[in-house]
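As a plain string of letters, each chain reads:
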Amino acid sequence: MTASLLNQLSSLVGQVFTEMDLEPELGRVVISQRRELGQFQCNGALAAAKKARKNPREIAENVVQALEETGHFSELSLAGPGFINMSLTDQYLSDHFKALSSNAQFGARDGHKSEKVILDFGGPNVAKAMHVGHLRATIIGESLRRLREFLGDSVVSDVHFGDWGLPMGLLIKEIELTKPDLPYFDKNNEGPFPSESPVTVDELQELYPSASARSKEDAAFLERAREATFELQQGHAGYRALWQHMLDVSVAETKIDFDLLGAHFTEWNGEADTNELIPPMLERLKSENLSELSDGATVVRVEEEGDKKEMPPLILQKSDGAVMYGTTDLATIEMREADHKPDSILYVVDARQSLHFEQVFRAARKCGSTRADVHLEHIGFGTVNGKDGKPLKTRDGGVVRLRSLIEDAIEEARKVVNEAGMDEKFDAGELEDIATKVGIAAIKFADLSNQRMSNYVFDLERFTKFEGKTGPYQMYAAVRIKSMLRKAEEQSLNPGPLQISADAERNLILALSQLPEAAHAAADKNAPHILCDHVYTLTQEFNAFYHDCHVLGEEDEAIRASRLTLCAVTLKQIETVLHLLGIDVPERM
Ligand code: ARG
């Protein structure tokens, strides 16, 4: 038995189609948008009739007749020229519910071909605090990581630290200007060097913008930074030691942000980890005539016939010998291929880097950097905007730090939680835990519920509302079920076998049965918003059920026990899906 209810029904109807010499694919069953006509519908009789040059109503009538004989349907009817409406018997629904609720993934692993996937997300940079741009990379990436693991894929998650290239040379030379007496700048000093970092992460945050500004005014400084970058890449011992300090303090800082956001990485590799691989890679590409010289730079041409836009070559090495963002990305692909032999490598990175990834992927294919069938995909996303509709900036026009966004969200959550009277119910520690979870849920759900490629406006007041399609509301719905189940336990009311007695129960079961479809579609399209839609549907259907049906107050013991089971399974599924979105549910609110 396949776990997806729609697949079961589709194959049942498909079989009937086959027996009538019609294409089984046309027997596809979908959830009905008009529940009053039936729980499901199948519109395939029309297409089948057209192909077979028969009367659609006649075909549909025959299908209905055959389906009646199965005994699985409580209602079968025809509408219009040949639409089939159907509702399952309560027995069938109950059996399905039982199978679904005994499976940790609610049957979602069925029909998913598991693969080895590398997810490249987060993407922080040395010396630059994570900013608003990394928010989406982290939230979306982590959600896809959890989803893929849920579906049974083997997932490698790699943070791909931005730790190589010109910014490193700029930082080294800027530090030299401010602290010339440090031992790192002398080429002849082979070490050992101090184990304590000469710079803190806060200093680095200041140093980088000032170095960057200086390089724009002072050509000689820029030249020295270029040279330092090259020497660092060549193994200059002092620069290497200083660089290691910068990396270490930066990594420690970003770990705080990732912990706050619940992001998990199996690998902490960076661009620099490809350094040893680059010379042999360049050597190979040259000897196989895959790269060429262009104005002194080594490039791989990646334009293809039929290109509508200009496709510049991927620059691997500039005339000064320095390697670029694309070089480390290409070498990283070769490293990943060697280390993991993945089926897919997915990059969750700002949509504005799409040209870069197109160039890198084309170069990788042209250069045979992976086996030919490895799937490389850039999972882009839109920007986070301010209320003025432009990319979010601080009041004085600066880059918004990720940490301050998170802190603002938690601060807003504290307000909302107090307004809801929770400050009177809980002690300070629990209240703070709730506010933190509400704040994080608010930004995550708001981010993930948008179509990935759209921009959205960062509006904490809207995100933290305890109503509608917000994270806090979905969370609150789960907490309410928790507290009801706790009460049941206190009153020694136990859950029991399902016994369907109301339409609201049937609708809730149907909603629960949709998880496999939602999870598959979300994974296929790398679209967490589909999971948001699913959890929203669940909480809506649960509310309707709770409105129509007594649970704790139900007199009939068997029905009450059945409803407690339904509540427990609904809670489990809501919590599961929220977990896939990176949202933790508190015990009480
Ligand atoms: N560090 C980059 C940035 O801040 C993102 C890295 C994305 N991953 C990659 N393999 N290029 O823009």
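One can find the structure itself at the top, above this paragraph.
These figures come from a predicted structure and were not determined experimentally.

Student: I keep staring at the overall build of the chain and nothing clicks. Help me out?
Tutor: Counting secondary structure elements, the chain contains 21 helices and 13 strands. Overall size of the chain, expressed as C-alpha extent along the three principal axes, is 85 × 65 × 40 Å. Among the 589 residues that make up the chain, the fraction classed as buried is 55%. In the chain, the proportion of contacts linking residues at least 24 apart, taken out of those at least 6 apart, comes to 74%. Approximately 26600 Å² of the chain is accessible, and the part contributed by carbon and sulfur atoms is 48%. Both charge centroids of the chain, one from 64 positive and one from 94 negative side chains, sit 3 Å from each other.

Student: Teacher, can you tell me more about the packing of helix α5 (residues 132–150) against helix α19 (residues 515–524) here?
Tutor: Between two packed helices, both the angle of their axes relative to each other and the distance between the axes serve to describe the pair. Interaxial distance between α5 and α19 falls to 10 Å at its minimum, and their mutual angle equals 125 degrees. Put simply, α5 runs oblique to α19. Between α5 and α19 lies a crossing whose hand is left-handed. Contacts between α5 and α19 pair Leu147, Arg148 and Phe150 from the former with Leu515, Ala519, Ala522 and Ala523 from the latter.

Student: Help me out: how do you make sense of the packing of α5 against helix α21 (residues 557–580) in this one?
Tutor: Contact geometry of α5 with α21 gives a least axis separation of 8 Å together with a crossing angle of 130 degrees. Looking at the two axes, α5 sits oblique to α21. On α21, the residues touching Ser143, Arg146, Leu147 and Phe150 of α5 are Thr576, His579 and Leu580.

Student: I keep staring at the sheet that holds strand β3 (residues 73–79) and nothing clicks. Help me out?
Tutor: In sheet architecture, strand pairing relies on hydrogen bonds along the backbone and comes in two forms, parallel and antiparallel. If you trace the 4 strands from one edge of the open sheet to the other, you get β1-β2-β4-β3, paired in antiparallel fashion. The outermost strands of the open sheet, each flanked by one partner alone, are β1 (30–31) and β3. The pairing of β1 with strand β2 (residues 40–42) spans 2 bridges and is antiparallel. Each bridged residue has a counterpart across the sheet, and for Val30 the counterpart in β2 is Gln41.

Student: What am I meant to see in the nonpolar core here?
Tutor: Soluble globular proteins: nonpolar side chains tend toward being buried together. Phe40, Leu67, Met86, Leu204, Phe458, Phe545 and Leu581 are the most contacted members of the largest nonpolar core, which totals 186 residues. Setting aside anything within four residues of it in sequence, one finds Leu581 in contact with Ser143, Lys444, Phe445, Leu448, Pro528, Leu531, Cys532 and Val535.

Student: Explain the pairing of strand β4 (residues 83–88) here, please?
Tutor: The side chains of a regular strand alternate, first on one face of the sheet and then on the other. Counted residue by residue, β4 has 5 buried out of 6 residues, so it is predominantly covered. A loop of 3 residues connects β3 with β4, the two strands running antiparallel in sequence, and Gly80 in this loop sits at a positive phi of about 55 degrees.

Student: Would you mind showing me how to read the site of the ligand here?
Tutor: As a structural note, the neighbourhood of the ligand is formed by Asp120, Gly123, Asn125, His134, His160, Tyr325, Asp329, Tyr347, Val349, Gln353 and Phe357. Between the ligand and His134 there is a distance of 3.2 Å, counted from an oxygen atom to a side-chain nitrogen or oxygen. Computed on the free molecule, the ligand has an accessible area of 350 Å², of which 88% lies beneath the protein chains in the complex. Of the residues contributing to the shell around the ligand, the split by class is 4 nonpolar, 5 polar and 2 charged.

Student: Whenever I open this one, the environment of Pro180 confuses me. Can you help?
Tutor: Tracing the sequence through the fold places Pro180 in the loop between α6 (166–178) and α7 (201–217). When the C-alpha atoms of Pro180 and Met484 are compared, they prove to be 66 Å apart, with 304 residues separating the residues in sequence. The residues touching Pro180, leaving out its near neighbours within four places in the chain, are Ile175 and Phe185.

Student: When you look at the pattern of salt bridges in this model, what are you seeing that I'm missing?
Tutor: All chains considered together, the criterion is met by 41 salt bridges. Measuring nitrogen to oxygen at the nearest pair gives 3.2 Å for the salt bridge that ties Lys482 to Glu575. Residue Lys482 is found in helix α17 (residues 471–490), and its partner Glu575 is found in helix α21; the two are separated by 93 residues along the sequence. On the basis of relative accessibility, which here comes to 9%, the residue Lys482 falls in the buried class. A residue is classified by how much of its surface remains accessible, and Glu575, at 28% relative accessible area, is partly exposed. Taken together, the salt bridges that share partners define one network made up of Glu142, Arg145, Arg146 and Glu149.

Student: Hey, could you run me through the pairing of strand β5 (residues 116–120) in this one?
Tutor: Across the 5 residues that make up β5, a large majority, 4, are buried. With 5 bridges joining them, β5 and strand β6 (residues 154–158) adopt parallel strand pairing. Within β6, the position partnered with Asp120 by the bridge is Asp158. Read as a crossover between parallel neighbours, the route from β5 over α5 to β6 is right-handed. With 4 bridges connecting them, β5 and strand β10 (residues 344–348) associate as parallel partners. Residue Ile118 lies in a different strand from β10, and its bridge partner there is Ile345.

Student: Help me understand the sheet that holds β6 in this model?
Tutor: Here we have 4 strands laid out as an open sheet, ordered β6-β5-β10-β11, and parallel in their pairing. At either end of the open sheet lies a strand with only one pairing partner, and these are β6 and β11 (375–379). In this sheet, adjacent strand axes meet at a mean angle of 20 degrees when their direction is disregarded. Strands in contact with α5 are β5, β6, β10 and β11; relative to β10, the strand with the most contacts, it is inclined by about 150 degrees. In the packing of helix α12 (residues 354–366) onto the sheet, the strands contacted are β10 and β11, and the crossing angle to β11 comes to about 175 degrees.

Reading guide: rules and limits
- Residues numbered from 1 in each chain as written.
- Predicted model: local features only at pLDDT ≥ 70, side-chain atom pairs only at ≥ 80, totals over all residues.
- Heavy atoms only, no water.
- Helix = DSSP H or I, 4+ residues; strand = E, 2+ residues; numbered from the N terminus.
- Buried < 20%, exposed > 50% of the residue type's maximum accessible area, 1.4 Å probe, protein only.
- Contact = heavy atoms within 4.5 Å.
- Areas by Shrake-Rupley, 256 points an atom, 1.4 Å probe, with all protein chains shown as cover.
- Lys, Arg positive; Asp, Glu negative; His and termini not counted.
- Charge placed at Lys NZ, Arg CZ, Asp CG, Glu CD.
- Axes fitted to C-alpha atoms, helices over the stretch in contact; angles between N-to-C directions.
- Parallel < 35°, antiparallel > 145°, perpendicular 65-115°, else oblique.
- Left-handed = near helix turned anticlockwise from the far one by under 90°.
- Pairing = 2+ DSSP bridges.
- Core = buried A, V, L, I, M, F, W, Y, C linked by side-chain atoms within 4.5 Å.
- Near = heavy atom within 4 Å.
- Polar contact = N/O pair within 3.5 Å; in protein donor to acceptor, adjacent residues only side chain to side chain.
- Nonpolar A, V, L, I, M, F, W, Y, C, P; charged D, E, K, R; others polar.
- Salt bridge = Lys/Arg side-chain N within 4 Å of Asp/Glu carboxyl O.
- Right-handed = clockwise from strand over helix to strand, strands pointing away.

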